[in-house]
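# Fold and geometry: a report
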Amino acid sequence: MDKVIIAENLSLAYSNDETIINKANFSIDSGSFVFITGASGSGKSTLLKSLYGALKPIEGSLVVGGVELRGVSSSKLNFLRKHLGIVFQDYKLVKEWTIEKNIMLPLIINGYEKTVTQNQVDSLLKHVKLRHQAGKYPLELSGGEQQRVAMARALAHNPILILADEPTGNLDDYSSQLIWNLLEGANEQLKTTIIVVTHHIPETMKVDYKHYHIEFGDIREVI
Amino acid sequence: MKSFKNHLSLVIALLSILFSLQVFTIVERAIDAYKENLAKNYALVVVAQKRVDVDKLLEKSELIASINEISPDSIITKLNSGISKQNIALLKVTLPKFYKVKLKRYPSPNELEKLTKLLLRSQSIEKVEAFSKTHDTTYKLLLLFKTVISVFAFTVIIVTILLIFKELRIWQFKHNERMSIMGLFGAPVWLRSAVLFRLAIVDAVIASILSFVIFSYLSSLSWIEEQFSNIGISIVLFDKIYDFLIMLGVSIVVSMLLATFIVLGHKEEV
């Protein structure tokens, strides 16, 4: 099976401070569903940031979607990010854009045609049950609704890999279930690789998944 | 309303730059027109023992527009009481030759000094009267006026640039988040900055149009035209094509620089 992520002796740190991830070795198969757990401050979000190139490795090698992220150029990083779907804990929606335009963002960046973009956005809004809110701005929505918008945005361009940082952290049961269903659907139907950083793995998971745990700067698969 | 406020601060800053620039242009044009007027009414008087070769003198300096001999008749008329016709004829021969040297433009004191020396080098020329005292005073007055206006315009531009830098920080704060989010989804720099550059161009166009309206109105006021005609000059206060294009160019360059600073100063969130 193809590997979508390969990390060898990977070390991560913020500005030469204490190393957060220390010489970790792991790989993730294409099309798999992966949970990464760990205590607060263990380095889960740091690892996720490194996977979309917001934090560069200080040591070792990290290859995501065939792109080596250590010393990556900005054009290569943009190329990689165009094929990623990212769900942030704090949603990261553009406040001055309607939710419709927020969902359109990756489609615009990837140069999709207007009609394709509109159809895709309509379909996603239906999936996240926000069709009636299309013209609203992020701050007019609840936290759960904003996270559903962020999820729709991450799915919009059929990415090869979705990275989700505690996507259901502060959400009600309804929104949480909706998000897990969307992630499972993308993994099952589109064979999208999903990596979710979370404190708790939901008990309702229907798809097979792998579980990695971070402790003391090391990443280990939990079998 | 929010969108209007977004534009207002940069538009006002750009307007003040364009206003200073146009005021400076008007003063330049007024001084040039006034100098031209002065040049028309200004001439040097050259005194020579014998007739000079006018063509040779004309070749000596590009500044000289024409050289005309002043007829001695008027001087003789003043003296002719009780002088016989023969003596008058003799006087006409023995009197030195006077020439009026007109210049192409109003010279600086330096140019005038050089020209005087150049004329005196000619063997037959004995004296050159440049009326330099009056000339220097007028020239220095014009220079002073121009300097005062330049300092004023420069001060306004500096203050405005400081205002623009303050605006830059607000813009940076306002656009940073959106640019970071777009970057996280792989948007190239030009796409991330597109909104910013569009806003900058729109503001530059708005400021130029407003300046166009203001100066078109001011140039149509008869009161202003009267003031200029009172000092004997007539100038184009605002050239609707040339001046507008200059204004548009300046405001686009300034606002694009502002947008470029923001783009260059943008740092991705970690």
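What counts as what
- Residue numbers here run from 1 along each chain, matching the order of that chain's written sequence.
- All chains are assigned letters beginning with A, and all ligands numbers beginning with 1, in the order in which they are written.
- Where local features are concerned, this predicted model is filtered to residues with pLDDT of at least 70; where side-chain atom pairs are given and counted, the filter is 80 or more; whole-chain, interface and lining totals use all residues.
- Derived side-chain values reflect all non-hydrogen atoms in the structure, with water molecules and hydrogen atoms excluded from consideration.
- By definition, two strands form a pair when at least two bridges between them are found by DSSP.
- Here a strand is any run of E in DSSP of at least two residues, a helix any run of H or I of at least four, and the numbering for each starts at the N terminus.
- Between N-to-C directions, angles span 0 to 180 degrees; the directions come from axes that are lines fitted to C-alpha atoms, helices contributing only their stretch in contact.
- As used throughout, domain bounds are those supplied by an automatic or database domain assignment.
- Contact definition: two residues touch when any of their heavy atoms are within 4.5 Å.
- By buried area we mean how much accessible surface two parts lose on assembly, using a 1.4 Å probe and totalling the loss over both.
- In what follows, salt bridge is the name for a side-chain nitrogen of Lys or Arg lying within 4 Å of a carboxyl oxygen of Asp or Glu.
- For the purposes of these results, a polar contact is taken to be a pair of N or O atoms within 3.5 Å, where, inside protein, one atom must be able to donate a hydrogen and its partner to accept one; residues adjacent in sequence count only when each atom of the pair is a side-chain atom.
- All residues other than Ala, Val, Leu, Ile, Met, Phe, Trp, Tyr, Cys, Pro, Asp, Glu, Lys and Arg, Gly among them, are scored as polar; the first ten of these are nonpolar and the last four charged.

For the rest of this paragraph, the subject is the sheet that holds strand β9 (residues 210-215) of chain A. All names here are of chain A. Ordered by their spatial adjacency, six strands build an open sheet running β6-β7-β8-β3-β9-β10, and the pairing between neighbours is mixed. Edge strands, defined here as strands with exactly one partner in the open sheet, are β6 (84-87) and β10 (218-222). Taken pair by pair, the neighbouring strands of this sheet meet at an average axis angle of 20°, ignoring direction. The pairing of β9 with β10 spans five bridges and is antiparallel. Pairing of Ile214 across the sheet is with Ile219, part of β10.

A few words on the domain arrangement of chain B. The domain boundaries assigned to chain B delineate domain 1 (2-37 + 137-265) and domain 2 (43-130). Measuring from the centre of the C-alpha atoms in domain 1 of chain B to the corresponding centre in domain 2 of chain B gives 51 Å.

Another point: the interface of chain B and chain A. Residue-level contacts link 16 residues of chain B with 20 residues of chain A. Carbon and sulfur atoms make up 64% of the area that chain B and chain A hide from each other, which totals about 1700 Å². Scanning the region where chain B abuts chain A turns up two salt bridges. Its salt-bridge partner being B:Arg178, residue A:Glu96 comes within 3.6 Å of it at the nearest N-O pair. Here chain B and chain A share three residue pairs in polar contact (both at pLDDT 80 or more) between them. For the side of chain B that touches chain A, the secondary-structure elements that each account for two or more residues are α6 (132-184) and α7 (189-220) of chain B. Classifying every residue of the side of chain B that touches chain A by side-chain character gives eight nonpolar, two polar and six charged.

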